[in-house]
Amino acid sequence: MKSKFSKIAKVRKQKRDAIERELIKSQNKEKLLQHKIASLYEEIVAMQTPQNGTISLLSLLNEQKRILNRDKKEHERALHVAQDNSQKLQAEYHKAHIEFEKINYLEEQDIKAFMYKIKMQEQLELDEISTMLFANGKSKKGE
């Protein structure tokens, strides 16, 4: 059953759902970045300094560690941005959900009021019919 708030409720629900989808994407991005950071950390820890060999081998290993550390820091910055975005989206979702619930409540109240009005109208019509039947029964007895 539709009420005067149905269209507004639909729009608010769509907005809330869109924000929820964006929030889920952002949270998934966070998890992916956390996983990448952890794997880079493990890779850095797993690298062992050679006990013997040439200087070029040692400088190559140090360069690889430097590159891995740089990548890890970039991912940490991206994770920080993703976390900030998730927090912002979480706040937006909370606001959108509250707005949707307000309109949804008003819609439910409008429908309840309409149903009550219909029931009262139906009751009046039944009372009128019963009065007419009662009056009709009295007039037949009187004849």
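Not measured: the values here are computed from a predicted model.

A. Spotlight on the overall build of the protein. The number of helices and strands found in the protein is two helices and zero strands. Taking 15 Å as the expected radius of gyration for a compact globule of 143 residues, we find that the protein reaches 35 Å, considerably beyond that expectation. Taking the principal axes of the C-alpha coordinates as reference, the protein spans close to 130 × 20 × 15 Å. Within the protein, contacts between residues separated by at least 24 positions form 84% of all contacts whose residues are at least 6 apart in sequence. Split by element, the accessible area of the protein, about 11600 Å² in all, is 57% carbon and sulfur.

B. Structural view of the environment of glycine 53. Within the secondary structure, glycine 53 sits in the loop between α1 (6-46) and α2 (55-142). Judged by relative accessible area, which is 64%, glycine 53 ranks as exposed.

C. Looking closely at α1. Taking 1.5 Å per residue as the helical rise, α1 with its 41 residues ought to reach 60 Å, and the 59 Å between its terminal C-alpha atoms agrees with that figure. The set of residues buried in α1 consists of Ser6, Ala9, Arg16, Asp17, Ile19, Leu23, Ser26, Glu30, Leu33, Ile37, Leu40 and Ile44.

D. Layout of the pattern of salt bridges. Tallying each qualifying case throughout the model produces nine salt bridges. Across the pair arginine 70 and glutamate 74 runs a salt bridge, and its minimum N-O distance is 3.8 Å. Remark: glutamate 74 and arginine 70 occur in helix α2; sequence separation between them is four residues, near one turn of the helix. Taking relative accessible area as the criterion, glutamate 74 reaches 40% and is therefore assigned partly exposed. Three or more residues are tied together by salt bridges with common partners; here these are Arg12, Glu99 and Lys102.

E. Representation of a nonpolar patch on the surface. A contiguous nonpolar surface patch, about 380 Å² in accessible area, is contributed by Met1, Phe114, Met115 and Ile118. Its relative accessible area of 37% is what places isoleucine 118 among the partly exposed residues.

F. Representation of the environment of arginine 77 within the structure. By the secondary structure assignment, arginine 77 is in helix α2. Considering only alpha carbons, one finds arginine 77 and leucine 33, 44 residues apart in sequence, at a separation of 9.7 Å.

G. Layout of the side chain of serine 86. With respect to the element layout, serine 86 can be found in helix α2. With residues near it in sequence (within four places) discarded, serine 86 still touches Leu23, Ser26, Gln27 and Glu30.

The rules we used
Residues numbered from 1 in each chain as written. Predicted model: local features only at pLDDT ≥ 70, side-chain atom pairs only at ≥ 80, totals over all residues. Heavy atoms only, no water. Helix = DSSP H or I, 4+ residues; strand = E, 2+ residues; numbered from the N terminus. Rg over C-alpha atoms; globule rule 2.2 N^0.38 Å. Contact = heavy atoms within 4.5 Å. Areas by Shrake-Rupley, 256 points an atom, 1.4 Å probe, with all protein chains shown as cover. Buried < 20%, exposed > 50% of the residue type's maximum accessible area, 1.4 Å probe, protein only. Expected span 1.5 Å × (residues − 1). Salt bridge = Lys/Arg side-chain N within 4 Å of Asp/Glu carboxyl O. Patch = residues over 30% accessible without salt bridge, like charges linked within 9 Å, V, L, I, M, F, W, Y side chains within 5 Å.

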